[in-house]
Amino acid sequence: MAVHLDTSKCRAYGICVGILPDVFDLPKGSPVAVLRRDVADGEDLEDLEEAVVNCPAQAISLSRPEEAR
Ligand code: SF4
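Because the structure is predicted, anything quoted here is derived from the model rather than measured.

Draft legend 1. Expanded view of the nonpolar core. Formed by 18 residues in total, the largest nonpolar core has its most connected members in Val3, Cys16, Phe24 and Ile60. Of all the elements in the fold, those that place two or more residues in this core are β1 (2–5), α1 (15–19) and α2 (44–54). It is α1 that contributes the most residues to this core, 3 residues altogether. Leaving out residues up to four positions away in the same chain, Cys16 has contacts with Pro21, Phe24, Ala33, Ala51 and Ile60.

Draft legend 2. Main features of the site of the ligand. Surveying the vicinity of the ligand reveals 13 residues, the closest of which are Cys10, Tyr13, Gly14, Cys16 and Cys55. Residue composition of the shell around the ligand, grouped by class: 11 nonpolar, 1 polar and 1 charged.

Here is what the cut-offs are and how they apply
Residues numbered from 1 in each chain as written. Predicted model: local features only at pLDDT ≥ 70, side-chain atom pairs only at ≥ 80, totals over all residues. Heavy atoms only, no water. Core = buried A, V, L, I, M, F, W, Y, C linked by side-chain atoms within 4.5 Å. Buried < 20%, exposed > 50% of the residue type's maximum accessible area, 1.4 Å probe, protein only. Helix = DSSP H or I, 4+ residues; strand = E, 2+ residues; numbered from the N terminus. Contact = heavy atoms within 4.5 Å. Near = heavy atom within 4 Å. Nonpolar A, V, L, I, M, F, W, Y, C, P; charged D, E, K, R; others polar.

This is how it looks when you write it as structure tokens:
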């Protein structure tokens with residue numbers, strides 16, 4: 001699953017970092033969260049969905065990479 005972070009919406013609440021610190025980070029002094037990686041699968045998926053739902057700014061979205069066939 002590809003992870004997208006809309007930095008124009010992010011208000012640095014840091015909730016995503018609390019849920020999934022492997023994927024999201026909030027560097028000291030940064031006005032927005034950053035992605036540590038933009039792909040996540042397997043056991044991270046549940047946490048990712050939780051982060052999407054819990055982001056007060058709706059800044060996180062997920063997309064399925066093109067399924068090449
Ligand atoms: S929860 Fe949303 S608003 Fe808060 S830091 Fe993460 S992406 Fe930004």
